[in-house]
Amino acid sequence: MFDLSPAAPRAAKLTALGIGVALLATACGGSSTPTQTGSQSAAPAGIACPAPSGGAGAGNSQAATNTGPVPPSTTTTATPLKLGSLLPTTGSLAFLGPPEIAGVNLGVKEVNDAGGVLGAPVEVTHRDSGDTKTDIATQSTTALLGQGVSAVIGAASSGVSKTVINQITGAGVIHFSPANTSPDFTTWDDKGLYWRTAPSDVLQGKVLGNYMATCGAQTVGMIVLNDAYGTGLQKNVKEAFEAAGGKVVAEELFNEGDSQFSSQVDKVLAAKPDAIALITFDQAKSIVPLMTGKGVKPTQLFMVDGNTSDYSKDFQAGTMKGAQGTIPGTFAKDAFKQKLLAIDPALKDYSYAGESYDAVNLIALASEAAKSTKGTDIAAKLKEVSEGGEKCTDFPSCVTLLREGKDVDYDGQSGPVTFSDAGDPTEAYIGIYEYQDDNTYKPVREEFGKL
């Protein structure tokens, strides 16, 4: 784990994150020293990942729960808390839109069922973020700001968020992403208005790099989306894997909008890696068949949050069996899934639903603590409601404590959160998933780390 005080300044925080120990201590096969396999095929010397483990996951049995009526707010507002969402319904991350939107809607419903914020129902407006190939995000952001929102929840893509962060924070509005993982945001000049419930890819990169080494891989090849998300994650995966004694033998980039990947695939396979990390969005739908068609075994494939999704309608049965992927956040619990399905019965993926739900709750609680619906006032209380007080795990319980004059420490569906001064979670889970014969994935283990 990595341990750094949440109060550390942004620049010092990134420097300190370069130091760390392997999060996965139980090695499973393979040598710590890279060797050449000598094989002319893509088959690895042997990939054998650790057996599934339960993992504690998020939640706290000692957390406060509210079973009675929520006391009314002593402060009321004539200006209701207005939220906007900037989440993908089109583009290369469109598969993340439904769970994120469901998480936002569930959070808003539960807040309003408990009486709303400062005596008024929370309002939410959803807009598409698209991806970096379009200008949809800018247009959507302009529309949301025109409606007087206090916070914009999104985007999912770090690259998209970079196109609108200055527009949002420059307007004095909170920019709160449930899924941005680029380390660049930790040091962004955001006037204290950028926050996220997803951990920086410094953590996901270290977990994935160490995990591939733990599975016995001595060499790794990577195909990487050339944007803030892809190259940031690539850097941290490489550092962790090589620190664990492995060697990255191929790194091939592509750009958003590319549709041909044969060149990248051929160059990676020519290096004969034991394992292959695909740091992509939905381009994996094109890349995976190219790989498996050339003899790559699915057990050699390691996915990331940008492409760990349901491929049951995209590939023949068994195409992905044994491939693994990482997604920041703890596993979605059954009770939470049932609540999400009541919001959207068509849900297949739950990626970042917890982070989106937590974003709503944290903004609502910070608004109550600030006794204001103004974005800058809310931002000043976000760190406070995430740490140091009495544990609570939902809006009714937390807001009851606040209205009783107590300090609260919100632990959510995505994990404990606990913000740094930079607006980053300082501790988080990374879930590891394994694909089944039907090309859907199931959770196999969780890793917890401090940033």
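Here, the structure is the one placed above.
Worth saying up front: this structure is predicted, and the values here are computed from it rather than measured. (Residues numbered from 1 in each chain as written. Predicted model: local features only at pLDDT ≥ 70, side-chain atom pairs only at ≥ 80, totals over all residues. Heavy atoms only, no water.)

Focus on unusual backbone geometry
And step 1. Look at the link from Gly 154 to Ala 155: it is a cis peptide, with omega at -5°.
And step 2. Residue placement: Ala 155 occurs in the loop between strand 3 (151-154) and helix 4 (158-170).
And step 3. Positive phi, close to 60°, is recorded for Lys 191, a residue that is not glycine.
And step 4. Here Lys 191 shows up in the loop between strand 4 (174-177) and strand 5 (194-196).
And step 5. Note on Lys 191: relative accessible area 61%, which makes it exposed. (Helix = DSSP H or I, 4+ residues; strand = E, 2+ residues; numbered from the N terminus. Buried < 20%, exposed > 50% of the residue type's maximum accessible area, 1.4 Å probe, protein only.)

So, the state of the cysteines
And step 1. Inspection of the entire model under this criterion finds two disulfides.
And step 2. Linked covalently through their sulfurs, Cys 49 and Cys 215 form a disulfide whose S-S length is 2.0 Å. Measuring the twist about the S-S bond at about 115°, one finds the Cys 49-Cys 215 disulfide to be right-handed. Linking Cys 49 in the loop between helix 1 (10-16) and strand 1 (82-87) with Cys 215 in the loop between helix 5 (201-214) and strand 6 (219-225), this pair joins segments that are 166 residues apart in sequence.
And step 3. Note on Cys 215: relative accessible area 0%, which makes it buried.
And step 4. Cys 392 shares a disulfide with Cys 398; S-S distance 2.0 Å. (Disulfide = S-S within 2.5 Å.)

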